[in-house]
Amino acid sequence: MERADVIIVGSGVAALQLARHLSEDTNVIVFTKSDVSNGNSRYAQGGIAAAIGEEDHPFAHYLDTTEAGRYANHSQTTLEMLREAPGIIQELIEEGFTCDRNQDGTIDLGREGGHHQNRIVHSGGDQTGKRLMEHLQQQIRANVEIRDHHFVYELLVENEVCYGVRYKTEYETAVLTAPHIVLSTGGCGQLYASTSNAPTITGDGFALAYEAGAEMTDMEFVQFHPTLLNVNGKTHGLVTEAVRGEGAVLVDEKGRRIMDGVHPLGDLAPRNVVANTIYTEREKGHTLYLDIRMIPQFEERFPTVTALCHRHDISLSEGFIPVTPGCHFIMGGITTDKIGRTSVTGLYAIGEAACTGVHGANRLASNSLLEGMVFSKRLAGWINEQKVSGIPYTGKNKPLLLDPICDLPPRSLLQQKMMENVGMVRDAKALKKQKGWLESFHLDQWFSFDLSLLTSKQVTTLFMLRTAWLMTVSALEREESRGGHYRSDFPNEETEWQQKQIVQEKRKSNEPIHL
Ligand code: SIN
């Protein structure tokens, strides 16, 4: 039976930051269902937020983070992360990571929605994710093996301890055990028809963790990014908020500035405010554009956005980019403590898959690469100090699935229904309809069988359905509007909900609990 010391599922920034900080005598296996170049991190156009400007302070960063998060953030954890941010940047620079700089050599700090200070560190303009991934990949040592096209479809758990994974490749189905299993699978953008996320981001970690008995928190908090490129009613990737940070404004087909008078930060208001304004304007029949005419050397400063527009025949010469909101990030996820431990011993979560509590109900721009860098390093430090040996594999199998329980829906139908019923505007009627539809697929039954006979595509659909169900149930429970969760039947933020979290755990009731 093959064994490792640490298994990491996923291969984005959080995964690689963990892998490179694990000590050299640790045998680390990274499973990625596609390959390292196909995750979300590589496409991150934002940067890394850190209070390093002369006028800035981690506490000012904290105030912006909690305001954007609508005060649902875990205060202590958030403050600790933001205090560690300057050190993370310093460490990257010392390792040779190149940040964009001003002519005088100081770091060129950008601004994005919800920030009252310029504090976003970029590399290569809108290519920070790509550059950071390249940097981290270069630092991976010989003790780390990255296995491409390995799809983890089940976590092995006995007596509430996670001790291994079952995975599939094109040729085999196998088991790998380890005392530490880390989920770094990202979020679930592909559950929606409009998304900035890579095609691989299908909520796998959420479904795996939930089925393994881990606690999930606040799966209703989903962030819609205001500006995805909109061509013929379809979205085609992100137009970074840094474009607005450089002065671009949102206008309708007549040139009217739609953010005027909506929020003191105008076009750089927190994302939920901007996305909801665009949504309302679109409902009224308007078409929305980013007016970029005031940005000099746009193509040079935003090479990724420029390439995206060119690929979709959008000319930048007139200075208008058609945009619409789309699913971007989930603030909720697998509950973890400050180290990354979940409620199941031996199982950890990092990056977007984790709910550390730092994002509250709405993530502040460019705080997510930061979260991945801070918490993964911490987890590595903790694992490096442990001296545990794993539990031997018992070889227990679930019953074989001989006949399909029911047909699974096409992915596009799920994406459409999530947009309609669990999208930017929700209400009890739509959420109940969605819950009923999702439950018609008998997910508990599917997951009680051995999934090895299904294709990876079929298992992914099951993961998407399970994640959609978790999100729908949470969204139904939260009878208020806060951050990324807007209920038209409960349109106000309610004080008594501020510190409440919706916690879900398999076989327990979904009653909201007060933490
Ligand atoms: C963006 O560049 O607009 C996205 C950055 C982020 O989501 O933090």
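Residues numbered from 1 in each chain as written. Predicted model: local features only at pLDDT ≥ 70, side-chain atom pairs only at ≥ 80, totals over all residues. Heavy atoms only, no water.

## Some details on the pairing of strand β16 (residues 320-330)
- Taking burial as the measure, the 11 residues of β16 include 10 buried ones, the bulk of the element.
- As judged from the 6 bridges shared by strand β12 (residues 222-231) and β16, these two strands associate in the antiparallel manner. Considered in β16, the bridge of Leu229 is made with Val323.
- Two strands pair when backbone bridges link them, and strand β15 (residues 289-291) and β16 are joined in this way by 3 bridges, in the antiparallel orientation. Paired with Tyr289 across the two strands is Pro322, which belongs to β16. (Buried < 20%, exposed > 50% of the residue type's maximum accessible area, 1.4 Å probe, protein only. Helix = DSSP H or I, 4+ residues; strand = E, 2+ residues; numbered from the N terminus. Pairing = 2+ DSSP bridges.)

## A word on the packing of aromatic side chains
- For the structure on display, the rule yields 10 aromatic pairs.
- Their ring planes at 20° and their centres at 5.4 Å tell us that Phe59 and Tyr62 sit as a pair that is stacked. Of the two residues, Phe59 and Tyr62 are both situated in helix α2 (residues 58-68); the distance of 3 residues between them amounts to about one turn of the helix.
- Using a relative accessible area of 41% as the deciding quantity, one classes Phe59 as partly exposed.
- Each ring, one from Phe151 and one from Phe463, has its centre 5.9 Å from the other, and the planes form 40°; the classification is tilted. (Phe/Tyr/Trp six-rings, centres within 6.5 Å; stacked < 30°, edge-to-face > 60°.)

## A few points about the packing of helix α12 (residues 428-439) against helix α14 (residues 456-477)
- Across the interface, α12 lies against α14 with an axial gap of 9 Å and an inter-helix angle of 150°. When the axis of α12 is compared with that of α14, the two are roughly antiparallel. Pair α12 / α14 crosses with left-handed handedness. Where α12 approaches α14, its residues Ala428, Leu431, Lys432, Gln434, Lys435, Trp437, Leu438 and Glu439 are matched on the opposing element by Leu465, Ala468, Trp469, Thr472, Val473, Ala475 and Leu476.
- Grouping the constituent residues of the contact of α12 with α14 by class yields 10 nonpolar, 2 polar and 3 charged. (Axes fitted to C-alpha atoms, helices over the stretch in contact; angles between N-to-C directions. Parallel < 35°, antiparallel > 145°, perpendicular 65-115°, else oblique. Left-handed = near helix turned anticlockwise from the far one by under 90°. Contact = heavy atoms within 4.5 Å. Nonpolar A, V, L, I, M, F, W, Y, C, P; charged D, E, K, R; others polar.)

## Here's the deal with the environment of His116
- Within the secondary structure, His116 is located in the loop between β4 (109-110) and β5 (120-121).
- Sequence spacing of His116 and Lys338 is 222 residues, and the spatial spacing of their C-alpha atoms is 27 Å.
- Look past the residues within four positions of His116 in its chain and what remains in contact with it is Asp64, Glu67, Arg111 and Leu265.

## Observations regarding the sheet that holds strand β9 (residues 173-177)
- The 3 strands are arranged β7-β8-β9 in an open sheet whose pairing can be described as antiparallel. Of all strands in the sheet, those bounded by a partner on one side alone are β7 (151-158) and β9. Across the sheet, the mean angle separating the axes of adjacent strands is 25° when strand polarity is ignored.
- In the sheet, strand β8 (residues 161-168) pairs with β9 via 5 bridges, with the strands oriented antiparallel. Considered in β9, the bridge of Lys168 is made with Thr173.
- Sitting on the sheet, α14 touches β7 and β8, and the angle it makes with β7 is about 60°.

## A look at the nonpolar core
- Ranked by size, the top nonpolar core spans 68 residues in total, and within it Ile7, Leu155, Val165, Tyr192, Ile334 and Met471 carry the most contacts.
- Considering each element in turn, this core owes the most residues, 12 residues, to α14.
- Setting aside residues up to four positions removed in sequence, Tyr192 forms contacts with Val222, Phe224, Cys327, Gln415, Met418, Met419, Val422, Gly423, Arg426 and Met471.
- Val13, Leu22, Leu82 and Ala380 belong to the second largest nonpolar core, which has 46 residues in total. (Core = buried A, V, L, I, M, F, W, Y, C linked by side-chain atoms within 4.5 Å.)

## Description of the site of the ligand
- Around the ligand sit Gln45, Gly46, Glu112, His225, Leu238, Thr240, Glu241, Arg271, His328, Arg363, Ala365 and Ser366, and those are all the residues in its vicinity.
- Between Gly46 and the ligand, the recorded distance is 3.1 Å, taken from a backbone N or O atom to an oxygen atom.
- Here the ligand loses 95% of its free accessible area of 260 Å² to cover by the protein chains.
- Among the residues forming the shell around the ligand, the class breakdown is 2 nonpolar, 6 polar and 4 charged. (Near = heavy atom within 4 Å. Polar contact = N/O pair within 3.5 Å; in protein donor to acceptor, adjacent residues only side chain to side chain. Areas by Shrake-Rupley, 256 points an atom, 1.4 Å probe, with all protein chains shown as cover.)

## Quick notes on helix α9 (residues 303-311)
- Taken together, the buried positions of α9 are occupied by Val305, Thr306, Leu308 and Cys309. Buried residues of α9 fall within an arc of 160° about the axis and therefore sit on the same side. (Arc of directions from axis to C-beta.)

## Quick notes on the side chain of Gln504
- Residue position: Gln504 is located in strand β21 (residues 503-504).
- Under the relative-accessibility criterion, Gln504 is labelled buried at 0%.
- A polar atom in the side chain of Gln504 sits 3.0 Å from the backbone oxygen of Leu470.

Any link to function would need more than the numbers given here.
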